[in-house]
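A structural walkthrough
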Amino acid sequence: RPVITKKVASKTMIGRRFTRAARATAGSARAMCAKAEGGGSNMPLIAGAAAVAGGIAIYASGALGGSDDALPKGMPKTGDVAFDTWVQNMAKATPPDPRDTAEFKFITFTERPPFTPKHKSLMAKHLNEEIWQKYKNVKTSKGYTFSNAIQAGVLRPHLGVGLTMGDEECFELFKDIVYPVVKGWHGFDPATQFHKSDLDASKLKFSAAQAKKFDEYVVSTRVRAARNISGFSLPPGSDEKDRLGVETVLKQAFAGFSGDLKGTYFPLGALSKEDEDSLQSNGFLFQKPGPAQLLGAAGAARTWPDGRGIFHNASKTALAWCNEEDHCRIISMQNGGDIKAVFARFCSISDSIKAAAKSNGADLMYSKRLGFLGTCPSNLGTGLRASVMVKLPELNKDPKKLEEICNEFDLQPRGSSGEHSAAVGAKWDISNKQRLGFSEVELVQKMIDGVTKVIAIEEKIAGGMTPEQALKAVK
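In this report, the structure presented in the accompanying data block is examined. (Residues numbered from 1 in each chain as written. Predicted model: local features only at pLDDT ≥ 70, side-chain atom pairs only at ≥ 80, totals over all residues. Heavy atoms only, no water.)

With that settled, the discussion passes to the pattern of salt bridges. Under the defined criterion, the tally for this structure stands at 20 salt bridges. Here Lys 397 makes a salt bridge to Glu 394, at a shortest N to O gap of 3.1 Å. What makes Lys 397 exposed here is its relative accessible area of 62%. Residue Glu 394 is classed as partly exposed on the basis of its relative accessible area, which comes to 24%. Among the ionic pairs, Lys 446 bridges to Asp 410, the shortest N-O distance being 2.8 Å. Here Asp 410 lies in the loop between helix H13 (399-408) and strand E11 (411-414) and Lys 446 lies in helix H14 (residues 440-462), a separation of 36 residues in the sequence. The partly exposed category is assigned to Lys 446, whose relative accessible area is 23%. When its relative accessible area of 26% is taken as the criterion, Asp 410 is described as partly exposed. (Salt bridge = Lys/Arg side-chain N within 4 Å of Asp/Glu carboxyl O. Buried < 20%, exposed > 50% of the residue type's maximum accessible area, 1.4 Å probe, protein only. Helix = DSSP H or I, 4+ residues; strand = E, 2+ residues; numbered from the N terminus.)

Here the focus is the sheet that holds strand E4 (residues 263-267). One open sheet holds the 8 strands; their spatial order is E4-E5-E6-E7-E3-E10-E12-E11, and the pairing between them is antiparallel. The open sheet has two edge strands with one neighbour each: E4 and E11. On average, each strand axis in the sheet is tilted by 20 degrees relative to the strand beside it, whichever way the strands run. By the bridge criterion, 6 bridges tie strand E3 (residues 218-227) to strand E10 (residues 385-391) in an arrangement that is antiparallel. Note that in E10 the partner of Arg 224 across the bridge is Arg 385. Its contacts with the sheet place helix H12 (residues 339-359) against E3, strand E6 (318-322) and strand E7 (328-335), and it is angled at close to 155 degrees to E7. (Pairing = 2+ DSSP bridges. Axes fitted to C-alpha atoms, helices over the stretch in contact; angles between N-to-C directions. Contact = heavy atoms within 4.5 Å.)

Right, let's get into the nonpolar core. Counting 63 residues, the largest nonpolar core has Phe 343, Leu 384, Val 390, Ile 430, Val 454 and Ile 457 as its most contacted members. Looking at which element gives the most residues to this core, the answer is H14, with 10 residues. Those residues in contact with Phe 343, other than ones at most four positions away along the chain, are Asp 198, Asp 200, Ala 201, Leu 204, Val 223, Leu 384, Glu 440, Val 441 and Val 444. One finds Tyr 135, Leu 163, Phe 171 and Ala 297 within the second-largest nonpolar core, a separate group that totals 48 residues. (Core = buried A, V, L, I, M, F, W, Y, C linked by side-chain atoms within 4.5 Å.)

Take the environment of Phe 146 next. Checked against the element boundaries, Phe 146 lands in helix H5 (residues 146-155). Sequence-wise, Phe 146 and Gly 166 are 20 residues apart; in three dimensions their C-alpha atoms are separated by 9.6 Å. If we skip the residues at most four places from it in the chain, Phe 146 touches Leu 127, Trp 132, Tyr 135, Val 138, Phe 174 and Ile 177.

Now for the pairing of strand E5 (residues 309-313). Most of E5 sits out of view: 5 of its 5 residues are buried. A two-sided burial pattern is seen for E5, the buried positions comprising Gly 309, Phe 311 and Asn 313 on one face and Ile 310 and His 312 on the other. Looking at chain direction, E5 and E6 are connected through 4 bridges and run antiparallel. Within E6, the residue paired with Gly 309 across the bridge is Cys 322. Hairpin connection from E5 to E6: 4 residues lie between these consecutive antiparallel strands, with Lys 316 at a positive phi of about 60 degrees.

Among the secondary structure elements, Gln 151 is positioned in helix H5. In this structure, Gln 151 is in contact with Pro 72, Phe 104, Lys 105, Phe 106, Ile 107, Phe 109 and Ala 297, ignoring residues within four places of it in sequence.

Here the largest pocket defines a volume of roughly 1,700 Å³. Along the wall of the largest pocket there are 49 residues; nearest its centre are Arg 222, Arg 224, Arg 329, Arg 385 and Arg 414. Looking at the lining of the largest pocket, the elements with two or more residues in it are helix H7 (175-186), E3, helix H11 (294-298), E6, E7, E10, E11 and strand E12 (427-432). By residue number, the principal contributor to the lining of the largest pocket is E7, which donates 5 residues. Residue composition of the lining of the largest pocket, grouped by class: 16 nonpolar, 19 polar and 14 charged. By volume, the second largest pocket is sized at about 220 Å³. Around the second largest pocket, the lining is made up of 15 residues, and of these Lys 73, Glu 103, Lys 288, Pro 289 and Pro 291 lie nearest the centre. Across the lining of the second largest pocket, the residue classes break down as 8 nonpolar, 3 polar and 4 charged. (1 Å grid on protein atoms, 1.4 Å probe; cavity = no way out; pocket = protein on both sides within 12 Å on 5 of 7 lines; lining within 4 Å. Points joined across faces, edges and corners; volume = space filled by probe spheres on them. Nonpolar A, V, L, I, M, F, W, Y, C, P; charged D, E, K, R; others polar.)

Moving on, we get to the packing of helix H8 (residues 208-217) against H14. One way to put it is that H8 packs onto H14 with a least axis distance of 11 Å and a crossing angle of 65 degrees. In this structure, H8 crosses over H14, and the sense of that crossing is left-handed. Seen from H8, the contacting residues are Gln 210, Lys 213, Phe 214 and Tyr 217; seen from H14, they are Ile 448, Asp 449, Val 451, Thr 452, Ile 455, Glu 458 and Glu 459. Of the residues contributing to the contact of H8 with H14, the split by class is 5 nonpolar, 2 polar and 4 charged. (Left-handed = near helix turned anticlockwise from the far one by under 90°.)

Those residues of H8 that fall on the buried side of the exposure criterion are Gln 210, Phe 214 and Tyr 217. For H8, the buried positions fall inside an angular range of 80 degrees around the axis, keeping them on one side. For H8, exposure combined with an orientation more than 90 degrees from the buried face picks out Ala 208, Ala 209, Lys 212 and Asp 215. Where H8 is buried, its residues contact E3, E10 and H14. (Arc of directions from axis to C-beta.)

This is how it looks when you write it as structure tokens:
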């Protein structure tokens, strides 16, 4: 993915008065929009045209923005007239935050957001009035507020989780909404269950027969997960001091790598053209999150690219991203199907970062209930994704059937354009589906065993069986 390496250069009452007016006239305002769209015109209503109630203007889709737009730069509107105007009023009434930048503004919500049918997140589902009243004025010791935590989910209705953590304290402080969101996403109840971790690669069972099949069908193998350092804010809540502090700890870890792991750290803000081209050609660069994305809406892209960087070893089988979604994204990879070697390398990198954190008087963020902690609750627990790029020409003829088969083994297939898409050259990315409630060893083992069965099904289909017959024979 490409990277952007250059910098680009009456409050509570207003919200309450607006909400009453907005709710009273939302139907007529939406009807105006529907009438305009129903007339066959795709043009938005003229800027400034409004339905007025109590002196409050309800602008139609497309009327907000420009010099009157108080949202973070480039933030798309939801298209819901009443809601978009409510958000604008909240933003305009919000006092400056010392973490604000020219491109991004944190918003303080003075009342529970009036979510629309477009809001699909678990946060929106579980944020009832009781939870809102409990947390509306609560913030962590590092200053991350409940409004900060829900901002991305409020501004971007399509998000599935809708909640971001600004530091380690958020998980306990806001647990009345964090726990239901985690349960809804992972099917794991942190109120009654405990996570477990196991980074002993020697426990993997990978027979010679399995290794032979993997060598035949698997193009490449990858294991990745996030690691965050205790005591520092996570990217959505981070300031310059914490961001650079994280980078310092990680650079120390990278400098201590030896043998096959020894490599180079490349700060994004100081890349030469040659380095940038090299990283780009290898697919190692990560891009600045846009305002429509989770991280952009949560404030994780502030002061880009300061404090961000990329490490890789000489053989380009170990990669680490600094201060993207999390403090560190670890990626171990190589061509072929030697999953044991890839997982062992991953474990070594994780242990090295943990050792560097401890030498600085810190540790990795970890919870007995939630496992490794990170910015998005979707990546808790192991946060691990073990995947293979595998050739499946027969199953590629029916992507939906492949998804059904993978689901039988708790696997997630991705085509060339992500989930639910076909695969160019019949090369599918298949990974473990779960993250939380299983150890790293257990998840990698499930991936090994599941992919082994998927390959067996592929071969039986090639031999004349239907996918249904092949699945029944293998199971």
